[in-house]
Amino acid sequence: MLSRRRIMGAGLAAATVTTKGAWSLAMPGSTAASEPDARLKAYHMPLESGPHERTFMQWPVSRAAYGARDLDAVQRSIADIANAIAEFEPVAMLGADTARTGNRRLLSAKVELWDIPTDDLWCRDSGPTFVADAAGRLAIAHLRFNGWGNKQPHANDARIAARVAARLGMPLLETGLVGEQGGVEHDGAGTLLAHASCWANGNRNTLPRDEIARRLELALGARRTIWAPGIAGADITDYHIDALARFVGPGRVLIQIDDAIDHDDPWSVAAHETLRVLEQARDASGRPLQIMKLPEPDAIRSRAPDFVSSYINYYVCNGAVIGARFGDRETDAQARDTLKHLYPEREIVMLDIDPIGESGGGVHCATQQQPRSP
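The following refers to the structure shown. Computed from a predicted model, the values in this text were never measured in an experiment. Per chain, residues are indexed from 1 in the order of the written sequence. Residue-level local features of this predicted model are given only where pLDDT is at least 70; pairs of side-chain atoms are given and counted only at 80 or more, and the full residue set underlies all totals for whole chains, interfaces and linings. Calculation of side-chain values draws on the structure's entire complement of heavy atoms; hydrogens and water are dropped beforehand.

1. Focus: empty space enclosed by the protein
What counts is decided by this rule: In the cavity and pocket records, a cavity denotes points on a 1 Å grid over the protein atoms alone where a 1.4 Å probe fits but cannot get out, a pocket denotes an open set with protein on both sides within 12 Å along at least 5 of 7 lines, and lining residues are residues with an atom within 4 Å of a point. Grid points are joined across faces, edges and corners, and a volume is the space filled by probe spheres set on the points. Each helix is a run of H or I in the DSSP string that is no shorter than four residues. Each strand is a run of E no shorter than two, and both are numbered from the N terminus. Note that Gly is not counted as nonpolar here; it falls among the polar residues with everything else outside the nonpolar set of Ala, Val, Leu, Ile, Met, Phe, Trp, Tyr, Cys and Pro and the charged set of Asp, Glu, Lys and Arg.
Applying the stated criterion across every chain yields a total of 3 cavities of 30 Å³ or more. There is about 180 Å³ of room inside the largest cavity. Lining the largest cavity we find 18 residues, and of these Glu48, Glu185, His186, Arg246 and Phe247 sit closest to its centre. Elements supplying a minimum of two residues to the lining of the largest cavity: β7 (184–186) and β10 (245–249). Of the residues assigned to the lining of the largest cavity, the class counts are 9 nonpolar, 5 polar and 4 charged. Approximately 80 Å³ is the volume attributed to the second largest cavity.

2. Focus on the nonpolar core
Looking at soluble globular proteins, one finds that nonpolar side chains tend to be buried together. Filter applied, for reference: In this text, buried Ala, Val, Leu, Ile, Met, Phe, Trp, Tyr and Cys residues form a nonpolar core when linked through side-chain atoms within 4.5 Å. When accessible area is computed with a 1.4 Å probe and restricted to protein chains, residues below 20% of their type maximum are described as buried, those above 50% as exposed, and intermediate ones as partly exposed. Contact definition: two residues touch when any of their heavy atoms are within 4.5 Å.
The biggest cluster of nonpolar side chains holds 53 residues, and the ones touching the most others in it are Met57, Ile78, Ile81, Met93 and Ile322. Sorting elements by how many residues they give to this core places helix α3 (residues 68–86) first, with 9 residues. Discounting residues that sit within four places of it in the chain, Ile78 has contacts with Met57, Gln58, Trp59, Pro60, Met93, Leu121, Ile356 and Ala366. In this structure, Val131, Ala196, Cys198 and Trp227 belong to the second largest nonpolar core, which totals 23 residues.

3. Observations regarding the pairing of strand β11 (residues 252–256)
Here is the rule: We treat two strands as partners when DSSP finds at least two bridges between them.
For β11, the tally of buried residues reaches 4 of 5 residues, placing the bulk of the element in the interior. The pairing of β10 with β11 spans 4 bridges and is antiparallel. Paired with Arg246 across the bridge in β11 is Leu254. Here β10 folds back onto β11 in antiparallel fashion, the turn holding 2 residues, of which Gly251 has a positive phi close to 70°. Examined bridge by bridge, β11 and strand β12 (residues 290–294) share 5 bridges and lie parallel to one another. Within β12, the residue paired with Ile255 across the bridge is Lys293.

4. Focus on the side chain of Gln75
Its place among the elements puts Gln75 in helix α3. Among the residues examined, Gln75 registers a relative accessible area of 13% and is labelled buried. Beyond its immediate sequence surroundings of up to four residues, Gln75 is in contact with Trp59, Pro60 and Leu106.

Listed below in structure tokens is the structure:
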């Protein structure tokens, strides 16, 4: 199977495949403008745990990325996530008319279909980043998507944020950055957390890291960015933070990590580097961070070599937390209990979506919230 991790080597070759509307690595709109829109100063990104108008998701259709059999499995898992969320809030599934036969067969009648063409499923990365002003009016902060540094075809995905903004009649505000929302966490009180490997990386941005931080803070309404090194080039995302550590509130971080470092595993080494950064960091108000931990699962169902078994990659919707279970009874139960402790007023829904994990992501990667406006 061609996973999101392995597509590093294959993505450039796949991009030359001619389809109806040929793939291109140098997509219009994939590079950032020179300066951010000054109007961003009036906006901030609300916490994911705040009230939502709806959830956006993307219907994957790229056989270049998955192949026919694996694409079918991934589509079924995307439908499972959408149907679970739709029990709690509206879901808009983005996809072209040509994909609708498969869409409606698998999706709940509660899921609305929007005619916005897609390539892949990763709405956290290529979908719209909603921000709100003091009156609650929404705009979209345009973090331009270029296929994780031109590693995967993105002819449609690069245009999704602009097309959603046009359909909703919302301002599309230039951030001056190329990147993905899955690569940055915010605590809702002025603090951002990111791996430098997926932002201060020439495949997305050639700006100095301090300038990238300034633009991210302007885009999301923050005052401080905590940088951890991450790993560049080891997976397609260059190590997105949302598979490792998440803010659950102001100054509170949940991280998935084992107690001991495996020095032969670069992912373990990088995760512990991030933990050390968090232990030494201060939030935007100057306070030490409160850090909570979840262990890595061990006895998981999947045998895929690049499987992403991240409990951290959950999604908070109205009335529920949607996460994944991996077959390790002990850690699956511990993850559920931890999420229930952190979100006591919400129902915890744990899904078997192994095809998404085998593709290199999770529930959070596949979703994007639209905050509720007045």
